[in-house]
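Analysis of the macromolecular model
Listed below, chain by chain, are the residues.
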Amino acid sequence: MVVRTSSSPSTPASAPEVAPARALERLREASPLTQCITNAVVTNFTANALLALGAAPAMCDIPDEAGMFAGIAGGVLVNLGTPTSEQRDAAREAVAVGTPWVLDPVAVGALPVRTALAHELLEARPAIIRGNASEILALAGAGAGGRGVDATDASEDALDAARSLATRTGGTVAVSGETDLIVDATRTARVPGGSALLTKVTGGGCALGAAMAAFAAIAEPFDAALAASAVWAVASERAASGSRGPGSFAVAFLDELAAIQPADLEGRAELA
Amino acid sequence: MVVRTSSSPSTPASAPEVAPARALERLREASPLTQCITNAVVTNFTANALLALGAAPAMCDIPDEAGMFAGIAGGVLVNLGTPTSEQRDAAREAVAVGTPWVLDPVAVGALPVRTALAHELLEARPAIIRGNASEILALAGAGAGGRGVDATDASEDALDAARSLATRTGGTVAVSGETDLIVDATRTARVPGGSALLTKVTGGGCALGAAMAAFAAIAEPFDAALAASAVWAVASERAASGSRGPGSFAVAFLDELAAIQPADLEGRAELA
Amino acid sequence: MVVRTSSSPSTPASAPEVAPARALERLREASPLTQCITNAVVTNFTANALLALGAAPAMCDIPDEAGMFAGIAGGVLVNLGTPTSEQRDAAREAVAVGTPWVLDPVAVGALPVRTALAHELLEARPAIIRGNASEILALAGAGAGGRGVDATDASEDALDAARSLATRTGGTVAVSGETDLIVDATRTARVPGGSALLTKVTGGGCALGAAMAAFAAIAEPFDAALAASAVWAVASERAASGSRGPGSFAVAFLDELAAIQPADLEGRAELA
């Protein structure tokens, strides 16, 4: 797992302001309150992943509470996986507050309710958008969306779409795949590595979006997305090495999230 | 674990069209998109079980999306465990589409909202109905339902009720228990074996219903139900052998679902 | 882990009517039907914890069913972690029935919807209120609530608030923390021990509330709360001893809940 950061043609290469190792230190010191408005499938795994990482998750997702809670949270995740009517209203409240927030547009493109909501929420400028290539392409208007939650495109195919979205929101866009892409208006980082077993556990990507929201409480969006992706890559590789299958992998992944140390991320971040 | 298929008195004994081993091969090749409208308790375990098995789960369960999604899914599960108002409408949409679908009438009989919905949905002719004996008896009008999700009847007691339901829907009825019964209008198969630890993990049966929906995407309903039951029996036996209790069993069960090979099912399917 | 029971100044010290060991025996014999109206994050872990313990969980949480179900359940949990509109109505139905019920006022104080509901539900006199110190202080009107689900106060700081609530409801109040406090109008017990890893698994405390509801089906509220806390302390200590982190701890905890025997609780309950 090597993190490479390359500049876009028009800008010089630059390191992240806060490297992943330092971001992890900060996160563990601050234990940022991280609000998750997320889907019913992954809410347990997401909360456990945040706890293991060192953040303080709170799944506050009902109207008349979500906005107020976003005011005290350090970061907010809005994941559109199972967007009930109440969650949609809660999301609208939460993103209006001004706390850095992450949009995870699960299965956007193919399905009308979440697609309309995702476009509406974009106006509130997510600090980070995290999705697979099909979702990013669809959100940028450049693709039809994947097969539900499955990406049918490679992350590199979504580079232009990610840049376009990032320019529009003024934020960062993270495209998850065999190699993760982290893009803002001018910079591009790639995080290869990680384990394919993460795609065999529901919520591997959704929890990554939540981790980005936690890191966004203590670092700039680009650095937050990079740190979360680096942690995911290292922890998933380690978890995979001792696992017998997806069940034991998911358990080991939580153990590794808790065990990972800033130094484990040090040598792995390289600029291109 | 031996799968025995016996004819009803009026028909000759016959093998399944697609034996469990071949069905598992097909499922792994096709990775069928499997839509689950299921209860909040088991949605995570269900998605992980489908992923481990080789299917592609999608928990699309809100109105104005569920019907559209059912049109691209290969199989659909409707599980009535925690049927919110939005899930009830989503279920109505999804079953109207014509994609093979599985009804899991959790705790039907005792509770009025789900009981009314189950009877309404029956009109849309589920390809497979999966429940415990108490639920099948209640759905067929022959019993009062169990104690919530617990069966208070043995699966064999529900044979006539299962036949009656299968005749009425033109589909297959699977009665889960110490020995699973798989029944259509003329055929009966029994799948003994498996591990009682499955009853100590929430969602063991619910995820079996989801697996039947996945298999229904690539095989006829009777064969789909048989294949899913056979996989469950083998995987649960193997998982039990190395487990210390229900926690480690659930983890091992997911590992075994991923590890199971078609040949593991071969010698275990016998016709009576 | 030693359970110490001390009298309040005005009453003589007294043993619980039913000691934890005997309560666990009774629970295993009766397998009480335990209805949980609980949050989406922990519903799976809660059901699995109850199954492992020997109870029969049922997550019946929709209007027009929840009240009816409470009539056949032995104990009811109302946990306010993610209180959707339908769950709020379901809770109102369920607590009106008269079955012993447990209130878990998650994050009460800080958030208006659940705070209003908690105060409304108090009128129906919960047999047991279980929360962390911040929640108990806030519910008693003596504090502002914690940081979402995190306690920012020590359990001992909530002793007076707990006594005040217990006096008002005529029931028992359990304050979870490094040492658990169990309080009714006149008695106080303390359950030290347990593992801090429980705070790194989402739902550790929520599932404890569910266990109290299960025990309340077969013992008086004070004894039920004491038994559940003692079981949690023993099982979490044992689970922690062989765990590599929070993921493997959660799995081991379920295994230990299933393995724990009444005798394991015997020497640990001492009166002060």
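Bear in mind that the values here come from a model prediction, so they are computed numbers and not experimental data.

The next subject is empty space enclosed by the protein. Inspection of every chain in the model, using the stated rule, returns six cavities of 30 Å³ or more. Of the voids in this model, the largest cavity is the one considered here, and its volume is about 590 Å³. Lining the largest cavity we find 32 residues, and of these Asn44 of chain A, Asn44 and Val251 of chain B together with Asn44 and Val251 of chain C sit closest to its centre. Of all the secondary-structure elements, those providing two or more residues to the lining of the largest cavity are α2 (43-53) and α10 (246-259) of chain A, α2 (43-53) and α10 (246-259) of chain B together with α2 (43-53) and α10 (246-259) of chain C. Of the residues contributing to the lining of the largest cavity, the split by class is 18 nonpolar, twelve polar and two charged.

Okay, the side chain of Ser236 of chain B next. Following the sequence through the fold, Ser236 of chain B ends up in helix α9 (residues 221-241). Ignoring anything within four residues of it in the chain, the contact list for Ser236 of chain B reads Gly194, Ser195, Leu198, Phe249 and Phe253 of chain B.

Let's shift gears to the UniProt feature "binding site: substrate" (unreviewed entry) in chain A. Feature annotation in UniProt assigns "binding site: substrate" (unreviewed entry) to the following positions: Met59 and Gly203 of chain A. Examined against the element boundaries, Met59 of chain A turns out to sit in the loop between β3 (56-58) and α3 (66-72). Residue Met59 of chain A is classed as buried on the basis of its relative accessible area, which comes to 9%. Apart from the residues within four sequence positions on either side, Met59 of chain A is in contact with Cys36, Thr38, Thr43, Thr46 and Ala47 of chain A together with Val41 and Thr82 of chain C. Residue placement: Gly203 of chain A occurs in the loop between β9 (187-191) and α8 (204-216).

Taken together, the contacts link 26 residues of chain A with 28 residues of chain C. Here chain A packs against chain C, burying approximately 2,100 Å² in sum over the two surfaces, 61% of which is carbon and sulfur. Run the count over chain A and chain C and you get three salt bridges. Arg244 of chain C is paired through a salt bridge with Glu256 of chain A; the nearest N and O atoms lie 3.2 Å apart. Seen at the junction of chain A and chain C, the total is nine residue pairs in polar contact (both at pLDDT 80 or more). Sort the elements by how many residues they give to the side of chain A that touches chain C and α2 of chain A lands first, with six residues. Residue classes in the side of chain A that touches chain C are distributed as 16 nonpolar, four polar and six charged.

For the rest of this paragraph, the subject is the interface of chain C and chain B. With 26 residues of chain C in contact, the opposing surface of chain B contributes 28 residues. Regarding the contact of chain C and chain B, the summed buried area is about 2,100 Å², with carbon and sulfur atoms giving 61% of it. Together, Leu51, Glu65 and Asp255 of chain C form the three largest contributors to the area buried by chain C at its contact with chain B, with a combined 25%. With a shortest N-O distance of 3.9 Å, Arg244 of chain B and Asp255 of chain C are connected by a salt bridge. Sorting elements by how many residues they give to the side of chain C that touches chain B places α2 of chain C first, with six residues. Taken together, the residues of the side of chain C that touches chain B break down into 16 nonpolar, four polar and six charged.

With that out of the way, let us pick up the relation of the copies chain A and chain C. You can overlay chain A on chain C at an RMSD of 0.0 Å; the transform is a turn of 120° with a shift of 0.0 Å along its axis. In the structure described here, the two chain copies are related by an operation that fits a three-fold rotation axis. Of the C-alpha atoms belonging to chain A, the one lying closest to the rotation axis is found on Ala40 of chain A, 3.7 Å away. Different-surface contact between copies: only 4% of interface residues of chain A are shared with the interface of chain C.

Turning to the side chain of Thr202 of chain B, a few remarks are in order. By the element assignment, Thr202 of chain B lies in the loop between β9 (187-191) and α8 (204-216). Note on Thr202 of chain B: relative accessible area 14%, which makes it buried. Beyond its immediate stretch of four places on either side in the chain, Thr202 of chain B contacts Val41, Val42 and Phe45 of chain B together with Asn44, Ala47, Asn48 and Leu51 of chain C.

What follows concerns the relation of the copies chain C and chain B. Screw-axis analysis of chain C against chain B gives a translation of 0.0 Å along the axis, an RMSD of 0.0 Å, and a rotation angle of 120°. Here only 4% of the contact residues of chain C are again contact residues in chain B; the copies associate through non-equivalent surfaces.

Moving on to the nonpolar core. The nonpolar side chains of a soluble globular protein tend to be buried with one another. Residue and element names in this part refer to chain B. Phe215 and Trp232 are the most contacted members of the largest nonpolar core, which totals 101 residues. Residue contributions to this core peak at 13 residues, all from α9. Beyond its immediate sequence surroundings of up to four residues, Trp232 is in contact with Ala49, Leu198, Gly204, Ala207, Leu208, Ala211, Phe253 and Leu257.

Our focus in this paragraph is unusual backbone geometry. A positive phi is found at Arg125 of chain A, a non-glycine position, where the angle reads about 55°. Structurally, Arg125 of chain A is set in the loop between α5 (112-122) and β6 (128-132). Classification of Arg125 of chain A as exposed rests on a relative accessible area of 51%. Of note, Ser31 of chain C is a non-glycine position whose phi angle comes to about 40°, a positive value. Here Ser31 of chain C is to be found in the loop between α1 (20-30) and β2 (33-37).

Calculation rules
Sequence order as written defines the numbering, with residues in each chain counted from 1. All chains are assigned letters beginning at A, and all ligands numbers beginning at 1, according to the order in which they are written. In keeping with the model being predicted, local features are shown solely for residues with a pLDDT of at least 70 and side-chain atom pairs are shown and tallied solely at 80 or more, while totals for entire chains, interfaces and linings include all residues. Water and hydrogen atoms were dropped before computing side-chain values, which therefore reflect all heavy atoms in the structure. With a 1 Å grid laid over protein atoms only, a set of points is called a cavity when a 1.4 Å probe fits there but cannot get out and a pocket when it is open yet has protein on both sides within 12 Å along at least five of seven lines; lining residues have an atom within 4 Å of a point. Grid points are joined across faces, edges and corners, and a volume is the space filled by probe spheres set on the points. What counts as a helix is a DSSP run of H or I of at least four residues, what counts as a strand is a run of E of at least two, and both are numbered from the N terminus. Note on residue categories: nonpolar means Ala, Val, Leu, Ile, Met, Phe, Trp, Tyr, Cys or Pro, charged means Asp, Glu, Lys or Arg, and polar means any other residue, Gly included. Contacts are residue-level and defined by heavy atoms, with any inter-residue pair within 4.5 Å sufficient. UniProt positions are given in the numbering used here, feature names are shortened, and annotations may be inferred rather than shown by experiment. Classification of residues uses two cut-offs on accessible area relative to the type maximum, computed with a 1.4 Å probe and protein chains only: under 20% is buried, over 50% is exposed, and between them is partly exposed. Buried area, as used here, totals the accessible surface that two parts lose on assembly, with accessibility defined by a 1.4 Å probe and the loss added over both. Whenever a carboxyl oxygen of Asp or Glu lies within 4 Å of a side-chain nitrogen of Lys or Arg, that contact is scored as a salt bridge. Two N or O atoms count as a polar contact when they lie within 3.5 Å, although within protein this holds only if one can serve as hydrogen donor and the other as acceptor, and sequence-adjacent residues are included solely when both atoms are side-chain atoms. Here the copies are superposed with least squares, the fitted atoms being C-alpha atoms of residues at a pLDDT of at least 70 in both. Here, the term nonpolar core denotes a set of buried Ala, Val, Leu, Ile, Met, Phe, Trp, Tyr and Cys residues that are joined through side-chain atoms within 4.5 Å.

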